[in-house]
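Geometric and topological summary
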Amino acid sequence: MFSRRKFLSGLSALPFAMKPISAAAQSSGVLTMPPLLDATQTGRFLLTAQRGTTAFVDAGTSETWGFNQSYLGPTLRIAAGKTTGAEILNTLDEPISVHWHGLMVRGDADGGPHQTIAQGETWMPDLHITQPASTAWYHSHVHGSTARQVQNGLAGVLQIDDGQNEGRGLPNTYGVDDLTLVLQDRRFDRRGRIDYDLSMSDQMMGFLGDTMVINGQVGRTAVVPRGIVRLRLVNGSNARIYPLSLSDGREMHLIATDNGYLDRSIQLTDLTIAPGERYEVLIDLTDGSDIALVSAPNPNQMMGGMMGGGGNETSFVVLPLFVDSTLPAAKDQIPDDIGGNRPQGDVSGVPERKITLDMQMGMGMMLRRASNRFSINGEAFDMDRINFDIRSGTVERWHITADMMMHPLHLHGVSFQVLSQGGRPPAAQNTGWKDTVLVNGSTELLVHFDQDASRETPFMFHCHILEHEDGGMMGQFTVG
Ligand code: C2O
Ligand code: CU
Ligand code: CU
């Protein structure tokens, strides 16, 4: 059976957190999944945004927010090809919203900053799902408050399910060989409370924590069968980018990107996941050896690391995986054919748009109002300004440039193909359908605008470093 002490001795070379961490965070235990709320049969679900307390570390409990529980929300499973009725009740004492990040639904169901839910109010959008199976997520999106509200716990995972897991040969027993992992970093004060005091570096770079939190838990180990294990990775961190690998260097088999399955799996030893992105990988544990998912330091550094941003970090353990051979292994082979597809658009004659992601440095930044420190094409976000009106059913080529640091750009209501990164073909991990991409220098996208969004409820496009988004690095567009 699982003995954490024995197991960890094998991983002793790897520190557990970004910095040496207190014994508190090493309290043993098995990682659990968010509760599964399966709405594929009922066609409806209820989320209640509520207050609670969470014991992340031994030092004490923290006040937290969640949906239907004290921190984060359930994993919502909704059916592909159907309409699901959502009902969201806000019992918190400030406005929230629930944005379905990765769902291709109309602007009036998207849950962006124009669709806040006041205290005591209920919002009931219909989610009409016409897109393929994929792992998406949901989180609050109130302009100026998104970073703090998500930090407090207003986020959860969403699965679009088409019932074809068995046909594809993919592990699909929730929490056994099909793990949902919400990656977040946090800081805790001496009493165990979430510490979201932003330093000057946090205000520029985005918040970076010193403790790894998965599904709201610290220092846990995943216990998995001796077979093929699927990880649905969701980066729900405010700003941290995780360059992931496995501790023994073995390959991960990438099967899905943000918006669904690939045609064939891609073998990777390194997989970088930026805030807002989702990746699904299979790992082969048929040899029974215990390994760990590890991360290199946050790669986002400005001015050669002088402004902070992970300059002193070492690699750290994201999640140890302990193989329990007594658990039944449902799958022992990586399927060749996953049955999805990769975008292969034709760019000839496609209209183009230029997008620059801008930030001010140092004192220049500090002198600006918090909501104006960051901008897109030279203008900070304004709820009353629509950046672009786009014709429904069209395709556009977006050229994105970013200086100073890397920014994960996300577009609502669309799926895109990454055409190039830094003037070169995209990295293998970016060859599937995406809605969020890490822009390092320059990136070109081929974007498909298929869902309508009006002036009242336009779609957002923004940096998913939440402090940048709240600080003005966001714009909005209509489709119609
Ligand atoms: Cu995940 Cu506009 O957000
Ligand atoms: Cu989104
Ligand atoms: Cu950014």
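First things first, this report covers the structure right here in the doc. (Residues numbered from 1 in each chain as written. Chains lettered and ligands numbered in written order. Predicted model: local features only at pLDDT ≥ 70, side-chain atom pairs only at ≥ 80, totals over all residues. Heavy atoms only, no water.)

**Points about the pattern of salt bridges**
We count it as follows: Each reported salt bridge corresponds to a side-chain nitrogen of Lys or Arg within 4 Å of a carboxyl oxygen of Asp or Glu. A helix here means a DSSP run of H or I that spans at least four residues, while a strand means a run of E at least two residues long, and both kinds are numbered starting from the N terminus. Here's how the labels work: a residue is buried when its accessible area is under 20% of the maximum for its type, exposed when over 50%, partly exposed in between, all with a 1.4 Å probe on protein chains only.
Under the defined criterion, the tally for this structure stands at 25 salt bridges. Between arginine 51 and glutamate 63 there is a salt bridge, with its nearest N and O atoms 2.5 Å apart. Note that arginine 51 is positioned in strand β2 (residues 44-57) and glutamate 63 in strand β3 (residues 60-67), a separation of 12 residues in sequence. Taking the relative accessible area as the measure of exposure, arginine 51 reaches 41% and is therefore partly exposed. Measuring nitrogen to oxygen at the nearest pair gives 3.9 Å for the salt bridge that ties arginine 230 to aspartate 178. A residue pair is termed long-range when its members are at least 10 positions apart, and arginine 230 in strand β14 (residues 228-235) and aspartate 178 in strand β11 (residues 178-186) qualify at 52 residues. Among the charged side chains, a salt-bridge network with shared partners connects Asp258, Glu277, Arg278, Lys434 and Asp435.

**Side note on the sheet that holds strand β19 (residues 278-284)**
Adjacent strands of a sheet form backbone hydrogen bonds with each other and so pair up, either parallel or antiparallel. How we decide: Two strands pair if DSSP finds at least two bridges between them. For helices, the fitted axis covers only the stretch in contact; all axes are lines through C-alpha atoms, and the angles between them, taken along N-to-C directions, range from 0 to 180 degrees.
Strand order in the open sheet formed by six strands is β12-β11-β14-β19-β16-β17, with mixed pairing between adjacent strands. Because the sheet does not close on itself, it has two edges, and the strands there are β12 (211-214) and β17 (260-268). Averaged over all neighbouring strand pairs, the angle between strand axes comes to 30 degrees, with direction disregarded. The pairing of β11 with β12 spans four bridges and is antiparallel. Note on β12: the bridge partner recorded for arginine 186 is threonine 211.

**So, the side chain of serine 265**
This is how the line gets drawn: Any two residues whose heavy atoms approach within 4.5 Å are treated as being in contact.
Here serine 265 shows up in strand β17. Discounting chain neighbours no more than four positions away, the residues touching serine 265 are His253, Leu254, Ile255, Ile334, Pro335, Asp336 and Ile338.

**Details of the coordination of the copper ion (ligand 2)**
Note the threshold: Metal-coordinating donors are taken as N, O and S atoms lying within 2.8 Å of the metal, or within 3.2 Å when the metal is Na, K or Ca; because water is left out, some sites can appear incomplete.
Protein coordination at the copper ion (ligand 2): the donors are His99 (NE2) and His410 (NE2), at 1.8 to 1.9 Å from the metal. Separated by 311 residues along the polypeptide, histidine 99 in strand β6 (residues 99-101) and histidine 410 in strand β26 (residues 407-411) bring together distant segments of the chain.

**What about the environment of glycine 249?**
Inspection of the secondary structure assignment puts glycine 249 in the loop between β15 (242-246) and β16 (252-257). Given the relative accessible area of 43%, glycine 249 is considered partly exposed. A C-alpha to C-alpha distance of 45 Å links glycine 249 and threonine 116, two positions 133 residues apart in sequence.

**Details of the coordination of the copper ion (ligand 3)**
Protein-derived ligands of the copper ion (ligand 3) are His407 (ND1), Cys463 (SG) and His468 (ND1), with the metal-ligand distances lying across 2.0 to 2.1 Å. Sequence positions of the residues that donate to the copper ion (ligand 3) give the spacing H-x55-C-x4-H. Here histidine 407, found in strand β26, pairs with histidine 468, found in helix α6 (residues 466-470); they are 61 residues apart in sequence, far enough to count as distant. For histidine 468, a relative accessible area of 0% translates into the label buried.

**So, the sheet that holds strand β28 (residues 436-439)**
The strand order β24-β31-β30-β26-β28 describes an open sheet built from five strands, whose pairing is mixed. Pairing within the sheet leaves two strands with one partner each, and these edge strands are β24 (388-390) and β28. Ignoring which end each strand starts from, the neighbouring axes of this sheet average 25 degrees apart. Sheet analysis places β24 next to strand β31 (residues 474-479), joined by three bridges and oriented parallel. Counted as the bridge partner of phenylalanine 388 is phenylalanine 477 from β31.

**Here's the deal with the environment of leucine 419**
Within the fold, leucine 419 resides in strand β27 (residues 415-421). With 147 residues separating them in the primary sequence, leucine 419 and threonine 272 have C-alpha atoms 18 Å apart. In this structure leucine 419 touches Val347, Arg397, Arg424, Pro425, Pro426, Glu444, Leu445 and Leu446, once residues within four positions along its chain are discounted.

**Let's talk about the side chain of histidine 399**
To keep it simple, the criterion reads: Polar contacts here mean pairs of N or O atoms no more than 3.5 Å apart (in protein, one a potential hydrogen donor and the other a potential acceptor; neighbouring residues in sequence count only if both atoms are side-chain atoms).
The residue histidine 399 is located in strand β25 (residues 394-402) in this model. With relative accessibility at 19%, the residue histidine 399 sits in the buried group. There is a polar contact of 3.0 Å between the side chain of histidine 399 and the side chain of glutamate 444.

**Observations concerning the pairing of β3**
Within β3, six of the eight residues are buried, which leaves the element mostly enclosed by the surrounding structure. Relative to β3, β2 runs antiparallel, the two being bridged by seven bridges. Counted as the bridge partner of threonine 53 is glutamate 63 from β3. Hairpin connection between β2 and β3: a loop of two residues separates the two successive antiparallel strands.

**Structural notes on the pairing of strand β20 (residues 291-295)**
Of all five residues that make up β20, five are buried, and the element is covered over most of its length. Here three bridges tie β15 to β20, and the two strands are oriented antiparallel to one another. Residue pairing for β20: serine 245 is matched across the bridge by valine 294. Taken together, the five bridges between β20 and strand β21 (residues 316-323) define a ladder with antiparallel strand orientation. By the bridge assignment for β21, alanine 292 is matched with proline 320.

**Topic: empty space enclosed by the protein**
Rules: A pocket here means an open set of points on a 1 Å grid, computed over the protein atoms alone, that has protein on both sides within 12 Å along at least five of seven lines. A cavity is instead a set of points where a 1.4 Å probe fits but cannot get out; residues with an atom within 4 Å of a point line either one. Grid points are joined across faces, edges and corners, and a volume is the space filled by probe spheres set on the points. Under this grouping Gly is polar, as are all residues other than the nonpolar Ala, Val, Leu, Ile, Met, Phe, Trp, Tyr, Cys and Pro and the charged Asp, Glu, Lys and Arg.
One pass over the structure, following the stated rule, counts two cavities of 30 Å³ or more. Size it by volume and the second largest cavity reaches roughly 50 Å³. Lining the second largest cavity are Ala133, Ser134, Thr135, Ile160, Asp161, Asp162, Asn165, Arg230, Arg232, Tyr261 and Glu280. Broken down by secondary-structure element, the contributors of at least two residues to the lining of the second largest cavity are β9 (134-139), β10 (155-161) and β14. Per-class residue counts for the lining of the second largest cavity are three nonpolar, three polar and five charged.

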